[in-house]
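# Results of the structural survey
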Amino acid sequence: MKFIVSSSYLLKQLQVLGNVINSSNTLPILDNFLFELDHKTLTVSASDLETTMSATLDIDSTSKGSVAVPAKLLLEILKTFPEQPLTFTVQENSTIEISSNSGKYALAYAPGEEFPKAVNLDEPSVTLVPADVLATAISKTIFAAGNDDLRPVMSGVFFQFSPQGLIFVATDAHKLVKYARTDVTASQVADFIMPKKPLTILKNILGSSDAEIKIEYNDSNATFSFDNYVLMCRLIDGKYPNYEAVIPKENPNKLMIDRTQFLNSVRRVAIFSNKTTHQIRLKIAGAELNISAEDIDYSNKAEERLTCDYQGDDMQIGYNSRFLTEMLTNLQSDMIMLEMSLPNRAGILTPVDGLEEGETVTMLVMPVMLNN
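As the structure is a prediction and not an experimental result, all values here were calculated from the model.

### Observations regarding the packing of helix α1 (residues 7-18) against helix α2 (residues 71-80)
- Running from N to C, α1 and α2 cross one another at 140°; their axes reach a closest spacing of 10 Å. Classified by the angle their axes make, α1 and α2 are oblique. Read as a crossing pair, α1 and α2 show a hand that is left-handed. Facing Ser7, Leu10, Leu11, Leu14 and Gln15 of α1, the residues of α2 in contact are Leu74, Leu75, Leu78 and Lys79.
- Looking at the contact of α1 with α2, its residues break down into 6 nonpolar, 2 polar and 1 charged.

### Some points on the nonpolar core
- Judged by nonpolar contacts, the single largest core of 104 residues is most densely connected at Phe33, Phe35, Leu74 and Phe262.
- Membership of the second largest hydrophobic core comes to 13 residues, among which are Met154, Ile247, Ala346 and Ile348.

### Some details on the pairing of strand β26 (residues 347-351)
- Most of β26 sits out of view: 5 of its 5 residues are buried.
- Along β26, one buried face is formed by Gly347, Leu349 and Pro351 and the opposite face, lined by Ile348 and Thr350, is buried too.
- Relative to β26, strand β25 (residues 335-340) is paired through 4 bridges, and the arrangement is antiparallel. Residue Leu338 lies in a different strand from β26, and its bridge partner there is Leu349.
- In the sheet, β26 pairs with strand β27 (residues 359-365) via 3 bridges, with the strands oriented antiparallel. Counterpart to Ile348 in the pairing with β27 is Leu364.

### Overview of helix α4 (residues 196-206)
- Regarding α4, the residues found buried are Pro198, Leu199, Ile201, Leu202, Ile205 and Leu206. For α4, the buried positions fall inside an angular range of 160° around the axis, keeping them on one side.

### Observations regarding the sheet that holds strand β7 (residues 85-90)
- Ordered in space as β5-β1-β7-β8-β9, the 5 strands form an open sheet in which the pairing is antiparallel. In this open sheet, the two edge strands, each paired with only one partner strand, are β5 (60-61) and β9 (104-108).
- Where strand β8 (residues 95-99) and β9 come together, 5 bridges link them in antiparallel fashion. Note that in β9 the partner of Ile96 across the bridge is Leu107.
- Against the sheet, α1 touches β1 (2-6) and β7, its axis set at about 90° to β1.
- Packed on one face of the sheet, α2 meets β7, β8 and β9 and runs near 165° to β9.

About the cut-offs
Residues numbered from 1 in each chain as written. Predicted model: local features only at pLDDT ≥ 70, side-chain atom pairs only at ≥ 80, totals over all residues. Heavy atoms only, no water. Axes fitted to C-alpha atoms, helices over the stretch in contact; angles between N-to-C directions. Helix = DSSP H or I, 4+ residues; strand = E, 2+ residues; numbered from the N terminus. Parallel < 35°, antiparallel > 145°, perpendicular 65-115°, else oblique. Left-handed = near helix turned anticlockwise from the far one by under 90°. Contact = heavy atoms within 4.5 Å. Nonpolar A, V, L, I, M, F, W, Y, C, P; charged D, E, K, R; others polar. Core = buried A, V, L, I, M, F, W, Y, C linked by side-chain atoms within 4.5 Å. Buried < 20%, exposed > 50% of the residue type's maximum accessible area, 1.4 Å probe, protein only. Pairing = 2+ DSSP bridges. Arc of directions from axis to C-beta.

Below, the structure written as C-alpha cells:
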C-alpha cells in the first residue's frame, strides 16, 4: 500500500478530524486515524465511538488497503513540513514510512480492521440545510445548552424539523434560546437531540463552507454530509422538555435599548455583584433604566443609568449577569427588546433588527429573587 499526497492538504483535513479524538481514550485504537485507500481515493476517519468523522481526499496511488496511524504523532510531524508532496509506504515490519524531500520517517501502525466500524443508517429521513443557516443556528443556541450529566437531554441542542420550518432549541433551565427559520423546510415532521461535541466541530468548519448540508437521521443516529466530509454521531436519548410551555405569552412591559450600550453597562456593574449569585438589579421607570449591583460582604456597589424606550408599568427585576452577558454577546443586532410581565416571570430577549427574512431568535432568561 503506497500513496502520494500534498503535506498541507493532508494536514488541513487531519486537523479537522483531530477534533473528534478524545485526549484520553478507553480503547487505544481510537488514538489513531484510520486511512482507507482505494486507488485514487483516500478516506481518513477519526472516532470516539459516539462521533465518527471522515474526509475523502484525492491522491495519487494505484493500491488498496487500510491502516490505523497514530494521530498525535502524525499531526506533529505534518505541522513541521513546508508544502511538499509526501509519499506514504506501508512496510512489511508493521511500520508506515513517510518520505519527504529531506528525509524518511517511520511510524508504527495498527491493522485497519481493528478500528470500530461506522454505523449505517437504515432508511433515514433526509433534510437539506444551507451551511450558513446551520452554522448560525448552532452558534446562536449551543451556548445555552446545559452541562448537567444528570439531565443529558438538556446538554444538547434540540432540532425540530417540519414542513413549516426548522427550529433549534437549547436550554439549561436558567436560560433558553429558540432559533427558528421559515425559509428552510423539511419534507416531514421530525425531532432529535444533538450532542454538543459534534455541533462544535460542525460550527468550526461550516463557517467557511457554502455547501448544502445533507442531514440524515433516524431514532438513534444522525449524519451530516457536505463537501468532502461526513460526520456521524449518536443522538441523545430521551424526550426534550416542552419548551413552549415556559415561554410567557403575555408580556405587557416592553423595554427597547441599544444592545452594545446595555451590554457594556451590565458588564461594568456585574464586576461589583455578589460572586456567587452574580445578581444585578434592573429598575425601570419611565424612560430611565437603572442597573445596579451590590456585594454586601465586601461593601462593593455600583449603579448606572441609561435612557431607554419603555412601555409598561414601573418595575424592578433581578437577573444573573452572567446569563444576560452571554445572551447580549451572542446577539448581533443594534437594538434589542426585553419583554417582561412580572418580577418572578422569565424575561424574553429578542433582536429588533439585523435578522434575515424568515429568521427569528427568542432568548429567555429566568429572573433571580431580589432581596430588598
